[in-house]
Amino acid sequence: MTLESDLERARDLDVGDLADAIESIGFECTRCGGCCTATEPAVDPADEDSTASSDDPDSEPHTATVFPDEIRDLQRAGDYDFRDVARPMPYGLSETDEGLEGETFEWALQTDACGDCTFYEETDGVGACTVHEDRPLICQTYPFSVALDNTVQPMGEAVDEAGIVRAHECEGLGRDITREDARDLAATLKERAIRELEEAIAVSEQYEPVDRETGSVVVHDSEGAKRIDGTEF
């Protein structure tokens, strides 16, 4: 499947069918923070002494794709600098003595020193998003994704599937959801699938190799090549 054919399929998705799938799987957010915090590294089940937690320095930072216009929305919402909101997606980058270097093709939400989303806060075990009204589409639709070849799959393995809708690891799965909430979520899920494919097509059309200095990072997004602070390369 090409990006263009997947985009046609995404635009033809029926919101009612997506809502049926979401309703059959079931979901209610428990505010556990699992989708906003660092992921645990793989643990060898044969190693009895092997343990992991989101506080482990070897755990993987939270990774959520954010589009350029979503970054600007978040900047305006809280008067943030670009790097307060986003960081280069780590895939394709390598760690050197001078820091990260290389080329990547997406932005991810910024993380704190523990690897958690910088906009996540927790009080007495209950999580909250400090930019909830302006959160990116991937956050609005987690734990669901659309199973097209070129759409982004969020962190967490798919643990359930109904039709074209996949459900990823989340303790809120299997809970009752109203038809109205299922339709709202389905409409946003369709919007996200379309946006992801439009972005991917724009990135491929905009891409041009750039002369990158050693020890620097280039992010190619739908608006062109950018430095780590979001300025044009």
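Given the structure is predicted, the values throughout are model-derived calculations rather than measurements.

Novice: Mind laying out the packing of helix α1 (residues 3-11) against helix α6 (residues 179-206), listing which residues take part and the relevant values?
Specialist: With their axes 9 Å apart at the nearest point, α1 and α6 run at an angle of 160° to one another. Viewed along their axes, α1 and α6 adopt a mutual orientation that is roughly antiparallel. Considering the relative orientation of α1 and α6, their crossing is left-handed. For the pair formed by α1 and α6, the contact residues are L3, E4, D6, L7, A10 and R11 on the first element and K190, A193, I194, L197, E198, A200 and I201 on the second. Grouping the constituent residues of the contact of α1 with α6 by class yields eight nonpolar, no polar and five charged.

Novice: Just give me the short version of the sheet that holds strand β1 (residues 65-66), but keep the residues and values in it.
Specialist: Strand order in the open sheet formed by three strands is β1-β5-β2, with antiparallel pairing between adjacent strands. Looking at strand neighbours, the two that pair on one side only are β1 and β2 (86-88), the edges of this open sheet. Pairing between β1 and strand β5 (residues 107-109): two bridges, direction antiparallel. Considered in β5, the bridge of V66 is made with W107.

Novice: Tell me what's going on with the sheet that holds strand β10 (residues 165-168), and back it up with residues and numbers.
Specialist: Spatially, the three strands line up as an open sheet ordered β8-β10-β9, and their pairing is antiparallel. Bordering the open sheet on either side are β8 (144-146) and β9 (158-162), each of which pairs with just one other strand. Within this sheet the neighbouring strands show an average axis-to-axis angle of 30°, counted without direction. Looking at chain direction, β9 and β10 are connected through four bridges and run antiparallel. Among the inter-strand pairings, E161 is bridged to a residue of β10, identified as R166. Across the sheet, α6 touches β8 and β10, and the angle it forms with β8 is around 50°.

Calculation notes
- Residues numbered from 1 in each chain as written.
- Predicted model: local features only at pLDDT ≥ 70, side-chain atom pairs only at ≥ 80, totals over all residues.
- Heavy atoms only, no water.
- Axes fitted to C-alpha atoms, helices over the stretch in contact; angles between N-to-C directions.
- Helix = DSSP H or I, 4+ residues; strand = E, 2+ residues; numbered from the N terminus.
- Parallel < 35°, antiparallel > 145°, perpendicular 65-115°, else oblique.
- Left-handed = near helix turned anticlockwise from the far one by under 90°.
- Contact = heavy atoms within 4.5 Å.
- Nonpolar A, V, L, I, M, F, W, Y, C, P; charged D, E, K, R; others polar.
- Pairing = 2+ DSSP bridges.

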